[in-house]
Amino acid sequence: MSWITLYISGKTDFRQEVRRKLEHSSIPHMPGYMETNPGQEPADLYWLDGTVSIKKLKAQIGSKLIWKHRLRFYTSLEDFMASRQAPAETGFTAREREMITEMRAAS
């Protein structure tokens, strides 16, 4: 059996809920451990049977849990680390940032 490493991160602490879902599933997995620093988004690590697709795993976890914690799934350490180091996007366009600057200057 070959194993793949899966990194999961989320906006809020999801670890117990995901672990409980996977324990009651038929997906062969081994939980890992990742330490997170204060102020960082929570993250967790799992090794999955290589025949399990991410789509099947997500179906087992459930969309409600995925959306509740805004879970993101990574199969490579490089992608996971890049997401941890990238600054969080505000989602504002250049024009919206200009408008915010104008409002701050007016007050």
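The notes below deal with the structure included here. Counting restarts for each chain, with residues numbered from 1 along the sequence as it is written. Whole-chain, interface and lining totals are the exception, using all residues; otherwise, since this is a predicted model, local features are given only for residues with pLDDT of at least 70 and side-chain atom pairs are given and counted only at 80 or more. Here the side-chain values reflect all heavy atoms present in the structure, with hydrogen atoms and water set aside.

Considerations on the sheet that holds strand β3 (residues 43-49)
Right, so step 1: Think of it this way: DSSP has to see at least two bridges between two strands before they count as a pair. Comment: elements are numbered from the N terminus, with helices defined as DSSP H or I runs of at least four residues and strands as E runs of at least two. The strand order β2-β3-β1-β4 describes an open sheet built from four strands, whose pairing is antiparallel. Edge positions in the open sheet fall to β2 (29-31) and β4 (72-74), since each of these has one partner strand only. Averaged over neighbouring strand pairs, the angle between their axes works out to 25 degrees when direction is ignored.
Right, so step 2: Direction of pairing for β2 relative to β3: antiparallel, over a ladder of three bridges. Axes, fitted as lines to C-alpha atoms, cover a helix only where it is in contact. Angles between the N-to-C directions of the axes lie from 0 to 180 degrees.

Focus on the packing of aromatic side chains
Right, so step 1: Note on aromatic pairs: the rings of Phe, Tyr and Trp (six-membered ring only in Trp) are paired at centre separations within 6.5 Å, and the planes decide the class, stacked below 30 degrees, edge-to-face beyond 60, tilted for the rest. Counted under the stated rule, the structure contains two aromatic pairs.
Right, so step 2: Every member of this aromatic cluster is reached through a ring pair, and the members are Tyr-7, Tyr-74 and Phe-80.

Some thoughts on a nonpolar patch on the surface
Right, so step 1: A cluster of nonpolar residues, Trp-3, Met-30 and Trp-47, forms a patch on the protein surface that exposes about 280 Å² of accessible area.
Right, so step 2: Here Trp-3 shows up in strand β1 (residues 3-9). Patch membership requires over 30% relative accessible area and the absence of a salt bridge. Like charges are linked within 9 Å, and nonpolar side chains (Val, Leu, Ile, Met, Phe, Trp, Tyr) within 5 Å. All accessible areas in this document rest on Shrake-Rupley with a 1.4 Å probe, and a residue is counted as covered only by the protein chains that are shown. Within this document, salt bridges are pairs made up of a side-chain nitrogen of Lys or Arg and a carboxyl oxygen of Asp or Glu, the two lying within 4 Å of each other.

Looking at unusual backbone geometry
Right, so step 1: Phi at Arg-70 is positive, roughly 50 degrees, even though this residue is not glycine.
Right, so step 2: Secondary-structure assignment places Arg-70 in the loop between α3 (63-69) and β4.
Right, so step 3: Type-normalised accessible area, obtained with a 1.4 Å probe on protein chains alone, sets the label of each residue: buried when under 20%, exposed when over 50%, and partly exposed for intermediate values. Since its relative accessible area comes to 45%, Arg-70 is described here as partly exposed.

Looking at the pattern of salt bridges
Right, so step 1: Taken as a whole and judged by the stated rule, the model has seven salt bridges.
Right, so step 2: Put simply, Lys-11 and Glu-41 hold a salt bridge, and the shortest N to O gap is 3.1 Å. Here the residue Lys-11 occupies a position in the loop between β1 and α1 (15-23), and Glu-41 occupies one in the loop between β2 and β3, the gap between them amounting to 30 residues.
Right, so step 3: Classification of Lys-11 by relative accessible area gives partly exposed; the value is 49%.
Right, so step 4: Judged by its relative accessible area of 25%, Glu-41 falls in the partly exposed class.
Right, so step 5: A salt bridge links Asp-44 to Arg-19; its shortest N-O distance comes to 3.5 Å. Here the residue Asp-44 occupies a position in strand β3, and Arg-19 occupies one in helix α1, the gap between them amounting to 25 residues.
Right, so step 6: The network of salt bridges with common partners includes Lys-11, Glu-41 and Arg-72.

Some words on the pairing of β3
Right, so step 1: Counting buried positions along β3 gives six out of seven residues, so the element sits mostly inside the fold.
Right, so step 2: Taken together, the seven bridges between β1 and β3 define a ladder with antiparallel strand orientation. Paired with Ser-9 across the strands is Ala-43, a residue of β3.

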